[in-house]
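Remarks on the overall topology
What follows is each chain in one-letter form.
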Amino acid sequence: MSTRYAPLVSAAELARPQAYRQLRRPEVAEDFRRAVEALVGQACRGEADGVRLAEAFVAMSRDLAGEGALSFAGLLSASRFAAARTAYDAEMSTSGSRGTLHNYLNASHSRRLLDDPHFRETFAHPLLVALVAHALGGPVKIVDLRAKDTQPLDVVARDNTLHIDNNPFMDEFKVIVTWTLGTDRGPAGQGLTYLPRTNRLFRQCSVDADGAASSDEDSCIFPSRARVDEALAAQARFFDDRQPRVVHLENLTAPCHTIFAASRVVHHRYRTSTGAPRSAIMASFHRVDDGTDQLGVPDLTGSELDRFLLAGPAGSSFLEVLRGEVTRIVAALRLSLTRPGLVVDTDRRLLTGEALRTWYARQSAGVTLNRLREADLAGDGAVSADERLVRRMRYDLQGPLNMPLYADMSEEIRKRARIVIREMAPEQIHDCLTRLRADCVRQGAPAPEDDDAVTELCRCLGVLEAAMPQAAPSGRVHPAWGPTDGRRVADSLHRFVLDLERTARRVDDPDSLVTAAAFGALGAALAADLLVLDDGARQVTARLYARYAALVAPEFLRDADTAGPADRNADAARSADRDTDAAGPTDRDTDAT
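So, here's what we can say about the structure.

What counts and how
- Residues numbered from 1 in each chain as written.
- Predicted model: local features only at pLDDT ≥ 70, side-chain atom pairs only at ≥ 80, totals over all residues.
- Heavy atoms only, no water.
- Axes fitted to C-alpha atoms, helices over the stretch in contact; angles between N-to-C directions.
- Helix = DSSP H or I, 4+ residues; strand = E, 2+ residues; numbered from the N terminus.
- Parallel < 35°, antiparallel > 145°, perpendicular 65-115°, else oblique.
- Left-handed = near helix turned anticlockwise from the far one by under 90°.
- Contact = heavy atoms within 4.5 Å.
- Nonpolar A, V, L, I, M, F, W, Y, C, P; charged D, E, K, R; others polar.
- Core = buried A, V, L, I, M, F, W, Y, C linked by side-chain atoms within 4.5 Å.
- Buried < 20%, exposed > 50% of the residue type's maximum accessible area, 1.4 Å probe, protein only.
- Pairing = 2+ DSSP bridges.
- Phe/Tyr/Trp six-rings, centres within 6.5 Å; stacked < 30°, edge-to-face > 60°.
- Expected span 1.5 Å × (residues − 1).
- Polar contact = N/O pair within 3.5 Å; in protein donor to acceptor, adjacent residues only side chain to side chain.

With that settled, consider the packing of helix α15 (residues 426–442) against helix α19 (residues 535–552). Closest axis-to-axis distance for the α15/α19 pair is 9 Å, and the angle between their directions is 110 degrees. Classed by the angle they form, the pair α15 and α19 counts as roughly perpendicular. Considering how the two elements wind past one another, α15 and α19 form a crossing that is left-handed. Between α15 and α19, the residues in contact are L433, L436, R437, D439, C440 and R442 and R538, T541, A542, Y545 and A546, respectively. In the contact of α15 with α19, the residues fall into six nonpolar, one polar and four charged.

In structure tokens form, the structure reads like this:
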């Protein structure tokens, strides 16, 4: 079976159910859920309305488990959210990626945000954390924290097509906070949209001759009419009338906090050219015993719960830490009883009639990124060729890339590298391409093999992957990585290159080839910056650039080929000067720790 078309199935229909971690430990999970309910119940017991408060928590947990998502409108006070939003806007304006499709920030790299208690509360309010932990059936950690602004735009791209997140062999929950950009109002466009109750299903896996289970990223998306129909039909079985439901969260009066089973619920960001621009904070939660990935934020101020989630456990158990926050949990539960509409009634947020038909037609039409890219590039005649190539690459990095997913979750290591490359700011991409092009000039513009682009791409990636573990660190870490140590970065980048080569072997369409080549070129540039590569690996970094340029902008190779010896020497000298200055305090690189 090709996992590219893996269906959504029940647990009983899985080809290898024992590969799914979330199915291995039902008793432990239920014991933990009872402990969380007891903790909250005990805190409510001394309140005048304690029974109702405890029942409210149980009801919320039941709705989250049954529907796959739960939303709140106005969970934080207006003043506390305004303080968080002010800090968010300031950081996004100075540090966001300013991408072609969105403005992105890895919020775990921002001390300005992490040290702000109002910002931390937006995604780690104790009620939200208690509900996520109850749903996952164990202590939790935050493994990814990102911020994203999206403008009104009529596009269906890889990151906002109907999809399911992460690895199918474990559960991931997300807390997403959305509001209208620059305001303290709820989202009024580009809203989270999902198919309730699809969390009751699993993505089917593939099993090889040795019995090993695996999957891939194409099994997580629904980019065609047939796949959309499949998702809707799978969902409809859970409703008495056998009709699908599509929840669309927009036009809320207050900022919206949504908890959802991101690795199980079919969802997307419904982007249109109408409505207001949207801001969002997204925190990804895993059980602490699922994988080794964690943010590991150092020297974090704040509560014990904040430190447990963002820095990692340090003595106290999760339940002990949560017990220290019961006053805030009880206060939020009381708010849910006294303020109608705090818990969003999703029956009133369903797409119906013409709105549902429009949504269905747009999702069934497939990915529209190429049309958007061509229209954008056709209108940029006034920009330089270098800037045009950077803009083209930023679109290509959002294209199709069907990377493998493993039952042992070994792909977790590569995620950081992939996100860093995909969300690089334009000046960072320009810097990498300039270095790669200089290498091409010094080496006499190595011409890519015309016979088989896939074979050439795989060969180059294979050489680079083999060389990376043997290479000494350069002592530099590109600022795109944020504050981190070079060893952790090198491990992530090496795993990414390894899996990119495996992905490239299976490329069977032009768009996927271009995307793989774009990631290969930038991955090679980051590797050459991070490590002291041998001559063979340095040569293939230039060839990976040449491979990408040959596909999308062959004029860059012609220009390099016509450079005379003096030009090449000057280019090499400039590159050497940059390498010498790179460790300095004012240059683009920072010292590795």
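What follows covers the environment of V140. Within the secondary structure layout, V140 lies in strand β4 (residues 140–150). Measuring from C-alpha to C-alpha, the distance between V140 and V288 comes to 5.1 Å, with 148 residues separating the pair along the chain. Beyond its immediate chain neighbours, meaning those up to four positions away, V140 contacts V129, V132, A133, F285, H286, R287, V288, F308, L309 and F318.

What follows concerns the nonpolar core. Counting residues in hydrophobic clusters, the biggest one holds 77 residues, and the most contacted among them are F72, F123, L127, L145, F285, L310 and L333. With sequence-adjacent residues up to four places away left out, F123 is seen in contact with L128, I142, L145, V175, V177, I281, A283, F285 and L310. Core analysis: the second largest hydrophobic core is formed by 64 residues, L433, A524, L544 and A546 among them.

This part is about the sheet that holds strand β12 (residues 267–269). Strand order in the open sheet formed by three strands is β10-β6-β12, and the pairing between neighbours is antiparallel. At either end of the open sheet lies a strand with only one pairing partner, and these are β10 (247–248) and β12.

A few words on the packing of aromatic side chains. Within this structure, the stated rule accounts for eight aromatic pairs. For the pair F81 and W179, a centre-to-centre distance of 5.2 Å together with 85 degrees between the ring planes defines the contact as edge-to-face. Here F81, found in helix α3 (residues 78–95), pairs with W179, found in strand β5 (residues 173–180); they are 98 residues apart in sequence, far enough to count as distant. W179 carries the same exposure label as F81, and that label is buried.

Secondary-structure assignment places S219 in the loop between β9 (213–216) and α7 (225–236). S219 gets classed as buried once you look at its relative accessible area, which sits at 0%.

The terminal C-alpha atoms of helix α17 (residues 486–505), which comprises 20 residues, lie 29 Å apart, in line with the 28 Å expected from a rise of 1.5 Å per residue. The buried fraction of α17 is high, at 15 of 20 residues.

What follows concerns the pairing of strand β13 (residues 278–287). Within β13, ten of the ten residues are buried, which leaves the element mostly enclosed by the surrounding structure. What you see with β13 is no split at all: R278, A280, M282, S284 and H286 on one side and S279, I281, A283, F285 and R287 on the other are buried throughout. Here ten bridges tie β4 to β13, and the two strands are oriented antiparallel to one another. For K141, the partnering residue across the bridge sits in β13 and is H286. As defined by bridge partners, β5 adjoins β13 across eight bridges and the pair is classed as antiparallel. Residue pairing in the sheet places V177 in a bridge with I281 of β13.

Here the focus is the packing of α3 against helix α5 (residues 117–124). Two elements in contact, α3 and α5, have axes separated by 8 Å at closest approach and are oriented at 105 degrees. Put simply, α3 runs roughly perpendicular to α5. Contacts from R80, F81, A83, A84 and Y88 in α3 reach H118, F119, E121 and T122 in α5. Within the contact of α3 with α5, the residues separate by chemical class into five nonpolar, two polar and two charged.

The residue R146 is located in strand β4 in this model. Here D144 takes part through its side chain, which lies 2.7 Å from a polar atom of the side chain of R146. Excluding residues within four positions of it along the chain, R146 makes contact with Y104, L105, A107, A280, I281, M282, I419 and R422.

The strand order across the open sheet formed by six strands is β2-β11-β5-β13-β4-β3, and the pairing between neighbours is antiparallel. Edge positions in the sheet fall to β2 (69–73) and β3 (103–106), since each has one partner strand and no second. Across the sheet, the mean angle separating the axes of adjacent strands is 15 degrees when strand polarity is ignored.

Glancing now at unusual backbone geometry. With a phi angle near 55 degrees, Q190 is a residue other than glycine that sits in the positive phi range. In this structure, Q190 sits in the loop between β5 and β6 (192–194). The class of Q190 is buried, set by a relative accessible area of 1%. Positive phi is not limited to glycine here, since D299 has a value of about 50 degrees. Tracing the chain through its elements places D299 in the loop between β13 and α8 (304–310).

For a regular strand, side-chain orientation follows a simple rule: the groups alternate between the two sheet faces. Here strand β8 (residues 206–207) pairs with β9 via two bridges, running antiparallel. Counted as the bridge partner of S206 is S214 from β9. As consecutive antiparallel partners, β8 and β9 are separated by five residues, and within that stretch G211 has a phi angle of approximately 85 degrees, a positive value. In this sheet, strand β14 (residues 404–406) lies alongside β9 in antiparallel orientation, the contact comprising three bridges. Each bridged residue has a counterpart across the sheet, and for S215 the counterpart in β14 is L405.

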